[in-house]
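# Summary of the model geometry
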Amino acid sequence: MSFVKVMKSMLDSMKIDDDLQILVAPLERLIVHWTDPVRLIVMGEFNAGKSTLINTLLGEEVIATGIVPTTAVATYLRYSKEKYIEIVYENGNVERKSIKEMEKLTSERNKEGKKQRENIQLINLYLPNPFLLNLVLIDTPGLGAHHSQHEIQASDAYKEADDSMWIFRYGSVGRLSEVNVLKKLKDNGLDPIGVVNMIDQSDEDDITPYLQYEFDKLGGRIRSLIGVSSIEAKEAQETIDQELLEISGFPKLLSLIDEIKKDKESRKYKRFETKFLSFWLEFTDAFTNVINSKRYVKSLMQIRNDTVDVEHENHIVQTRIAKEIAQTAKNNKQLVESIAKTKTLHDWVKRKDFKYLIEDIPQLKDWKEFEKLYFDTKKVIQNLINEVNTYEQSIQKEIGKEINYIKLIQTPKKVLKKYQSQRKQLIEKEKALNIKIKELNATLFRLQTEKNTIRQQIKDHYQSWITKREMNTINKVREQREQQIEANLKSQILLHNQIQQLDYLVKLQQKMKQVRRYVRAATLTKEFQQELPHLKEQRIVDETIQSLNAQLKNEKDKLQQTTIKLDIQLPKPLEQLNVVPKKSLRNIRPLFIASVIPLVVATSIMFKDSFALGDIRDSFAPDEEIISNNEPTDQNEYAQTEIIGLATVSKTSGEQVIVYENANDNSAEIGNLGDQDYEIMAFTENGWMQIGEDAWVFYDDEKMTLYQQQLKQRLNMDYELILRTEETTVPFIPVFSENSRDSAVVGYLENSSYVDIYELSNSNWAKIGQSAWIESDKYLTIDWNFDPVADGKPIGTLTVNTPKLNVREEDFQQSNLLGTLPNGTKVDVYEISDSTGWYRIGEDGWVTSDPQYSSFYQFYDYISTYETAIGTARILIDLHVRVNENSASESQGILRQGQVVNVYEISADSGWYRIGTDAWISNDGQLVAYEEEGY
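This structure is a prediction, so every number in the text was calculated from the model and none was measured. (Residues numbered from 1 in each chain as written. Predicted model: local features only at pLDDT ≥ 70, side-chain atom pairs only at ≥ 80, totals over all residues. Heavy atoms only, no water.)

### Overview of the overall build of the chain
Heads up, the condition is: Numbering goes from the N terminus for both helices and strands, where a helix is a DSSP run of H or I of at least four residues and a strand is a run of E of at least two. Residue exposure (1.4 Å probe, protein chains only): buried if accessible area is under 20% of the type maximum, exposed if over 50%, otherwise partly exposed. Any two residues having at least one pair of non-hydrogen atoms within 4.5 Å are treated as being in contact.
The helix and strand inventory of the chain stands at 23 helices and 40 strands. Taken across its 935 residues, the chain has 44% of its residues classed as buried. By sequence separation, contacts in the chain at least 24 residues apart represent 72% of the contacts at least 6 residues apart.

### Describing a nonpolar patch on the surface
Rule in force here: Patch membership requires more than 30% relative accessible area and the absence of a salt bridge. Residues of like charge join within 9 Å; the nonpolar side chains Val, Leu, Ile, Met, Phe, Trp and Tyr join within 5 Å. Areas reported as accessible are Shrake-Rupley estimates using a 1.4 Å probe. Residue values count occlusion only from the protein chains shown. Salt bridge criterion: a side-chain nitrogen from Lys or Arg within 4 Å of a carboxyl oxygen from Asp or Glu.
On the surface, a nonpolar cluster with roughly 260 Å² of combined accessible area is contributed by Ile-643, Leu-646 and Tyr-707. A relative accessible area of 47% means that Tyr-707 is categorised as partly exposed.

### A closer look at unusual backbone geometry
Even without a glycine there, the phi angle at Asn-134 is positive, about 65°. Relative to the helices and strands, Asn-134 is located in the loop between strand S5 (120-127) and strand S6 (136-139). Assessed through its relative accessible area of 55%, Asn-134 is described here as exposed. Backbone geometry places Asp-918, a non-glycine residue, at a positive phi of 50°. Relative to the helices and strands, Asp-918 resides in the loop between strand S38 (913-916) and strand S39 (919-921).

### Considering the packing of aromatic side chains
The test is simple: Here a Phe, Tyr or Trp ring, Trp counted by its six-membered ring, pairs with any other such ring whose centre lies within 6.5 Å, and the pair is stacked when the planes are under 30 degrees apart, edge-to-face when over 60, and tilted otherwise.
Under the defined criterion, the tally for this structure stands at 28 aromatic pairs. With a centroid separation of 5.8 Å and an interplanar angle of 15°, the aromatic rings of Phe-279 and Phe-283 are classed as stacked. Placement of both Phe-279 and Phe-283 in helix H12 (residues 267-291) is noted, with a separation of four residues, approximately one turn of the helix. Here Phe-683 and Tyr-748 contribute two aromatic rings whose centre-to-centre distance is 4.7 Å and whose plane-to-plane angle is 65°, an arrangement assigned as edge-to-face. Here the residue Phe-683 occupies a position in strand S15 (residues 682-683), and Tyr-748 occupies one in strand S21 (residues 745-750), the gap between them amounting to 65 residues. By relative accessible area, which is 7% here, Phe-683 ends up buried. Ring pairing ties together the aromatic residues Phe-3, Trp-34, Tyr-269, Phe-272, Phe-276, Phe-279, Trp-280, Phe-283, Phe-287 and Tyr-518, which thus form one cluster.

### Description of helix H7 (residues 176-187)
Which entries qualify depends on this criterion: Residue count minus one, scaled by 1.5 Å, sets the expected span of a helix. Working note: the arc is built from the helix axis to C-beta atom directions.
With 12 residues, H7 extends 17 Å between its outermost C-alpha atoms, agreeing within 8% with the 16 Å of an ideal straight helix rising 1.5 Å per residue. Buried residues of H7: Glu-178, Val-179, Val-181, Leu-182 and Leu-185, and no others. Burial along H7 is one-sided: seen end-on, the buried residues are contained in an arc of 165°. Exposed and facing more than 90 degrees away from the buried side of H7 are Leu-176 and Asp-187.

### A closer look at the pattern of salt bridges
Counted according to the given criterion, the structure contains 38 salt bridges. Of the charged contacts in the structure, one is a salt bridge between Glu-61 and Lys-234, with a shortest N-O distance of 2.8 Å. Of the two residues, Glu-61 sits in the loop between helix H3 (50-58) and strand S2 (75-79) while Lys-234 sits in helix H9 (residues 230-239), which places them 173 residues apart along the sequence. For Asp-878, the salt bridge goes to Lys-826, with nearest N and O atoms at 3.0 Å. In this pair, Asp-878 sits in the loop between strand S33 (871-875) and strand S34 (879-882) while Lys-826 sits in strand S28 (residues 826-829), placing the two residues 52 residues apart along the sequence.

### With respect to the sheet that holds strand S11 (residues 645-649)
Let me state the cut-off plainly: By this definition, two strands are paired if DSSP reports at least two bridges between them. Only the contacting stretch of a helix is used when fitting its axis, a line to C-alpha atoms as for every element, and angles between N-to-C directions run 0 to 180 degrees.
Strand order in the open sheet made by the three strands is S14-S11-S18, with antiparallel pairing throughout. At either end of the open sheet lies a strand with only one pairing partner, and these are strand S14 (677-680) and strand S18 (704-707). Sheet twist, expressed as the average angle between the axes of neighbouring strands with direction ignored, equals 25°. Where S11 meets S18, four bridges bridge the pair, whose relative direction is antiparallel. Note on S18: the bridge partner recorded for Val-649 is Met-704.

### Here we look at the sheet that holds strand S7 (residues 163-169)
Pairing between the strands of a sheet comes from backbone hydrogen bonds, and it takes one of two forms, parallel or antiparallel. Taken in spatial order, the nine strands of this open sheet run S4-S3-S5-S2-S6-S1-S7-S8-S9, and their pairing is mixed. What marks the edges here is a single partner per strand, and that holds for strand S4 (94-97) and strand S9 (224-227). The mean angle between the axes of side-by-side strands here comes to 25°, regardless of whether they run parallel or antiparallel. Where strand S8 (residues 193-197) lies against S9, four bridges are found, and the strand directions are parallel.

### What to know about the environment of Pro-788
Looking at where Pro-788 falls in the secondary structure, it is placed in the loop between helix H23 (776-779) and strand S25 (796-800). Sequence separation between Pro-788 and Asp-828 is 40 residues; the distance between their C-alpha atoms is 8.5 Å. In this structure, Pro-788 is in contact with Val-827, Ile-841 and Gly-842, ignoring residues within four places of it in sequence.

### A short note on the layout of surface pockets
Applied cut-off: Note on definitions: the grid is 1 Å and covers protein atoms alone; a cavity is a set of points where a 1.4 Å probe fits but cannot get out; a pocket is an open set with protein on both sides within 12 Å along at least five of seven lines; lining residues have an atom within 4 Å of a point. Grid points are joined across faces, edges and corners, and a volume is the space filled by probe spheres set on the points. When residues are grouped by polarity, Ala, Val, Leu, Ile, Met, Phe, Trp, Tyr, Cys and Pro land in nonpolar, Asp, Glu, Lys and Arg in charged, and all others, Gly among them, in polar.
When its volume is computed, the second largest pocket comes out at roughly 1100 Å³. Ala-25, Arg-29, Leu-30, Gln-121 and Glu-160 are, among the 35 residues lining the second largest pocket, the residues nearest its centre. Listed by contribution, the elements that provide at least two residues to the lining of the second largest pocket are helix H2 (24-35), S2, strand S3 (84-89), S5, helix H6 (148-160) and H12. Per element, the largest residue contribution to the lining of the second largest pocket is seven residues, and it comes from H6. Residue classes in the lining of the second largest pocket are distributed as 14 nonpolar, nine polar and 12 charged.

Scope: geometric values only; no functional claims are made or implied.
This is the structure:
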């Protein structure tokens, strides 16, 4: 982290604490000072030609000039590709304005801006001027004009400068007012360059003696003195007169300024360090007062009590979840046992849940009807048998058991005819019943052939039902767990909130340690290096919540799926009936030839309405045909085609939809769509829809309405976990059946701002439903940058050394892609997979362990020995622990930044520190900070 980032981070933390607010503004000024190039302040008394000299240096008129005081506000001239000004007010607000406002705000002659100038701290003037490269030029109000505000502006400005230049007026060098200010500059650490302006007023050709005299007179209050003529330099620039430019003395001035830009003497760093150390003393005192606050104890005790309450609440939830899972398992077992006991078709039909089976398996309606018909037929058979028995019993009773010739003669004709009629009726019933039995057995044979399929479908139905019940329980349990996890996290947040007000102290402490890398003189005592008291309680809270949530997450798959065994026993085929007596009771009297009654056979004529292929409307031209695919002339035309949607022409559009022979508008036109629904057999990626063989239309949502029931079913993933939800980039997205452009387009995703994703095997394709994929790289705005979430104590660190490292949901390459890590990224590792060796880098992120893609180092498990320590070493950046005292030896692991370890020996040869048995670390001061015991 750069020093600027360190200071800005400190600044953010300081703004939180009221006791540190007073130091925010000084640090803000230090940040700007550090990031600026060398700051050169130009000072001098009013009317010394200071503004003219600056304009000449710049080669353009940007500073107001005149014989009265012109510069009223300290102006910082900075390089920029754009030309504008930035007003910094006393209250810290910054306002950008056009450079046209410059004269109004900075010139003392402009009375209009006087009131506004009173609230201005400084003005930044940005110019695309190459002179300002690697330099910030500070123009201050001229002194000696009896403006107290000018004196304050100049004083504030020279405190912010790295180097200085004092402009004297020829003939007026070393006035008392100038000497007093030069003394203040000297006391403030500035050793200005003296520049005598207007030397063109001298009558002498050689002014060297004059300059030496004035330099000696000033008595060391400036480090050098040169003479220039801004007027002559300006004229030389305009006329390109090199000789006049040399006479003006400007080349020497420019050479001095170039040296200042290079800052070979590190004036900038010295000035900054002096200011920073002054700030540092105030800051460390303020920080000590804050960390000695008594507000810790009460908050931490409350945190401990609340943590115990959270643990108790989790125990109650876990007990309730266990009971619900056990009850679901019991219910599933009872259902499976009930299914196993259901054997015959009759038993199945009598089940209370059979109606739900019919809803799911429509063929079972036929099975139910068969079962009813089968048993109804058995009843009819039994009734026929009963009727035959009654018939025979009646004959025996009225005629006798043994019927002979005499009995027949004696039996009245009327009685014989009665029994003949009854027998005839019984025979007709038997014939009809045998036909029915034949049909029933044929149906039974068909059901036998369907049995295995139906049995599997019933099994699938119950398996699905059980799975749904299990999923409902799992979802309910998961919801309870998630609610409890959320409650735990909320409790964690509430607990954090009690100590969150102190978190900024940790950041401050970390940044204070980093400050020493850049400002060595910024020392820290031991109390600043020790762990802050509230962090231990925070770790206990985090470890408790993480442990509770881990238990809740790890128990989500305990409910095992139930296996179903079932059978359907169909009834035996019915045998043909032969129960009616074969012999007839005949009258042996002379036969009477009955007249033949003619049989009139009524014939019925069935009419079938013809259908139109289309509705020819008067508004269409004679050669236009309205196409329909609802009733094709060839009955098998679409028999093998799966219907995947319906399209309807919009009645409000009033425009025709042309039907083409192929899926492009260059093919032959074969007609127009009519006012009806059209079945869609296929889609193309670019919007064409097939409505029949060699019949295609282009989908236009302004002309047509599209019903995609099949796609809707594909996108219905009620029991699937949503991996992520992403924003779409276009309103019309083709959906493929597989994650390949060679697969079929199964529909269009229309006007969906967001889409749920269930699988991401790579960055090119996203699964949005069952056999429904879209090209994620084309149509989704997925942020692939993966930000690992800390999960317990890390075991090592991993550095990416490939352009892009994939992060997956599980520890194998075929699992879902969660994101990527760019080259150079350094992350903590929390687990190594036993099966694949992959590294877990967060709660749910895994990366490959292939060394060609990343470098992994395990953290060193530091254990203090029983030896007497001679000192301690604080690790400044992550550091390898070596077997021997050199960086080429084997690494035993890494010590983390901020760790403090005991040192038991310092190598006389290399100076390395021994921190344990065969455990050495470097003595490089940039890597470790060593402190002797008792220091």
